[in-house]
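Residues per chain are reported as follows:
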Amino acid sequence: MPESVLVVEDDRELRDLLVEVLRSRGYHAVPFSNARSALRAIAAGQGADVVVTDLKMPGMRGEDLLRELRERSSEVNVIVITAFGSIDSAIALIKAGAYDYLTKPLNTGDLVAAVERALAESRVRRETMQRIQAGGGGPAGFVGRSAPMQRLYELIARAAHSRHPVIITGESGTGKELVARALHQTRGNAPFIAVNCGALPETLLESELFGHEKGAFTGADQPKAGLFEAADTGTLFLDEIADLPVVLQPKLLRAIEREEIRRVGATTARQLDVRIVAATNRNLEEEVRAGRFREDLFWRLNVLHLHLPPLRERSEDVPLLVAHFLSQAIAERERQDNLNGSPHLGAARRLAPDTISLLLRYPWPGNVRELRNAIQRATTLARTDEIQPDDLPLRIREPARSAASPTGTPRRVPLREFERRYLLEVLQEVGGNKTRAAEILGLDRKTLSRKLEEYQQDPTSEAP
Ligand SMILES: Nc1ncnc2c1ncn2[C@@H]1O[C@H](COP(=O)(O)OP(=O)(O)OP(=O)(O)O)[C@@H](O)[C@H]1O
Ligand SMILES: [Mg+2]
């Protein structure tokens, strides 16, 4: 069945043109001369995969149509048509839930491209939601099924097909770079270029980012393309964006707004298609208030915002992460043993009960990275096939004495619940192979089967 695109536009000529263009592309385009009749039709069962709407119309305005659709929690993607020069209000609309905007005079190629992106996005979002509901978790590489992570997966699916900048915030080690890479996946084999904005002095960073012409400064013997150009058609990941030197901030803003850059010393600009993804573990609003970050750049970057909750606020994910990193460490050990031609030296495969209690009690100020490092370290230190508390870093073993217990105490997962999630996660990691899972868990296969049966009969535990 062709996908339905509703076109809401009071100007008859423009409406006819839009409908004609969309029909010629094989879409089922349905025209409406005002927002009310479009809403009524949707309420009456008119299918709508995308809505393209003008903003200024007599009667109900495009903004109100967008709000109504959002309030009815309709999943439909809305593309708004706005007058040239009101980009700021268009960005406000995207924050309010519009999928994209087009500026007048309309370019029909842009319209078709926006509709195609919007449809692709809906498909990915539907698939993601199905995967989450099936208990399969998030995008590739992500472990975690807590409510905040599920919301994040949804937002990632939504943002991945957009061309607008994204800002990712969250404490150190929460997975910001992982999110940036997940967002990039829809760009396939196009380049993903990461740059740390705080790592270089400003003059060097400028030519790193934008490139330079021959003779632009002493030592510039050859022209050189910058990272922006290297990222063309792909993603430029601006890590630690709060550290971007103030003098470079207007240059970045210009590059984003005009979708073009100028090499240092160049007289002409180059057009580029680069998706900007920025990350910071600081509060950018505070940086703006303190005058360290330009408000206009903040506003332009902050179109789509993804926030990663600290691990202590989603402690139900801890067992899953432990299982994930433990299986990873075991696989890595086996790979190396095979390379060395040595027999498997009984790498640590399971956790002593006291070790589990410690992992659950610890607040993980360094978040997922700290947890991953702790597990990796423990598997190499363990002298038997069971990881003992002694194999964990001191700060985890003696949390009471450590200074690293910042905001609040983590919500704890009961031991039994930990075990359940841990087992199920291991089982999933090995593709449901019970023999292999039992081996990793250090249980015999019968015990594993019995436990799995118990979980199924236990009405207090949620479905896996
Ligand atoms: N939900 C997750 N599932 C699996 N692995 C994760 C998850 N979150 C983070 N990781 C892993 O934890 C490590 C740290 O993540 P990442 O580098 O993305 O953090 P970050 O937020 O960029 O930290 P920083 O602010 O210090 O740069 C990486 O190895 C990443 O793959
Ligand atoms: Mg990082």
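It should be noted that the structure appears before, not after, this text.
So, here is what we can say about the structure in this document. Worth saying up front: this structure is predicted, and the values here are computed from it rather than measured.

### Some thoughts on the sheet that holds strand S1 (residues 4–8)
Here is step 1: Taken in spatial order, the 5 strands make up an open sheet running S2-S1-S3-S4-S5, and their pairing is parallel. Edge positions in the sheet fall to strand S2 (28–32) and strand S5 (100–104), since each of these pairs with one other strand and no more. With direction set aside, neighbouring strand axes in the sheet form an average angle of 20°.
Here is step 2: Sheet strands touched by helix H3 (residues 62–71): S1, strand S3 (50–54) and strand S4 (77–83). Its angle to S3, the strand with the most contacts, is close to 155°.

### A word on the site of ligand 1
Here is step 1: Taken together, the neighbourhood of ligand 1 is formed by 18 residues, with Val-143, Ser-172, Gly-173, Lys-176 and Arg-372 sitting nearest.
Here is step 2: A distance of 2.9 Å separates an oxygen atom of ligand 1 from a polar atom in the side chain of Arg-369.
Here is step 3: Its free accessible area being 640 Å², ligand 1 has 87% of it covered by the protein chains.
Here is step 4: The set of elements that each furnish at least two residues to the shell around ligand 1 consists of helix H7 (176–184), helix H13 (318–340) and helix H15 (367–381).
Here is step 5: Partitioning the shell around ligand 1 into residue classes produces 7 nonpolar, 6 polar and 5 charged.
Here is step 6: Split by domain, the residues of the shell around ligand 1 number at least three in each of domain 2 (152–309) and domain 3 (313–457).

### Thoughts on the pattern of salt bridges
Here is step 1: Scanning the entire structure with this criterion turns up 28 salt bridges.
Here is step 2: Between Lys-104 and Asp-54 there is a salt bridge, with the nearest N and O atoms lying 3.4 Å from each other. Of the two residues, Lys-104 is situated in strand S5 and Asp-54 in strand S3; the sequence distance between them amounts to 50 residues.
Here is step 3: Lys-104 gets classed as partly exposed once you look at its relative accessible area, which sits at 31%.
Here is step 4: Taking relative accessible area as the criterion, Asp-54 reaches 3% and is therefore assigned buried.
Here is step 5: Between Glu-287 and Arg-282 there is a salt bridge, with its nearest N and O atoms 3.2 Å apart.
Here is step 6: Salt bridges here are not isolated pairs; linked through shared partners, they connect Asp-100, Arg-117, Arg-163 and Glu-259.

### Some words on the sheet that holds strand S13 (residues 275–280)
Here is step 1: Strands sit in the order S7-S10-S13-S6-S14 across an open sheet of 5 strands; the sheet is parallel. In this open sheet, the two strands that pair with only one neighbour each are strand S7 (192–196) and strand S14 (304–308). Averaged over all neighbouring strand pairs, the angle between strand axes comes to 20°, with direction disregarded.
Here is step 2: Where S7 and strand S10 (residues 235–239) come together, 5 bridges link them in parallel fashion. What sits directly across from Asn-196, in S10, is Asp-239.
Here is step 3: Helix H6 (residues 147–160) rests against S13 and S14 of the sheet, and its axis sits at about 150° to S14.

### Regarding the nonpolar core
Here is step 1: The biggest cluster of nonpolar side chains holds 45 residues, and the ones touching the most others in it are Ile-168, Val-179 and Leu-183.
Here is step 2: No other element matches H6, which puts 6 residues into this core.
Here is step 3: For this core, the domains that each give at least three residues are domain 1 (4–130) and domain 2 (152–309).
Here is step 4: Discounting residues that sit within four places of it in the chain, Leu-183 has contacts with Ile-156, Ala-159, Ala-160, Val-166, Ile-168, Val-277 and Leu-306.

Each value, and the rule that gives it
- Residues numbered from 1 in each chain as written.
- Chains lettered and ligands numbered in written order.
- Predicted model: local features only at pLDDT ≥ 70, side-chain atom pairs only at ≥ 80, totals over all residues.
- Heavy atoms only, no water.
- Pairing = 2+ DSSP bridges.
- Helix = DSSP H or I, 4+ residues; strand = E, 2+ residues; numbered from the N terminus.
- Axes fitted to C-alpha atoms, helices over the stretch in contact; angles between N-to-C directions.
- Contact = heavy atoms within 4.5 Å.
- Near = heavy atom within 4 Å.
- Polar contact = N/O pair within 3.5 Å; in protein donor to acceptor, adjacent residues only side chain to side chain.
- Areas by Shrake-Rupley, 256 points an atom, 1.4 Å probe, with all protein chains shown as cover.
- Nonpolar A, V, L, I, M, F, W, Y, C, P; charged D, E, K, R; others polar.
- Domains from an automatic or database assignment.
- Salt bridge = Lys/Arg side-chain N within 4 Å of Asp/Glu carboxyl O.
- Buried < 20%, exposed > 50% of the residue type's maximum accessible area, 1.4 Å probe, protein only.
- Core = buried A, V, L, I, M, F, W, Y, C linked by side-chain atoms within 4.5 Å.

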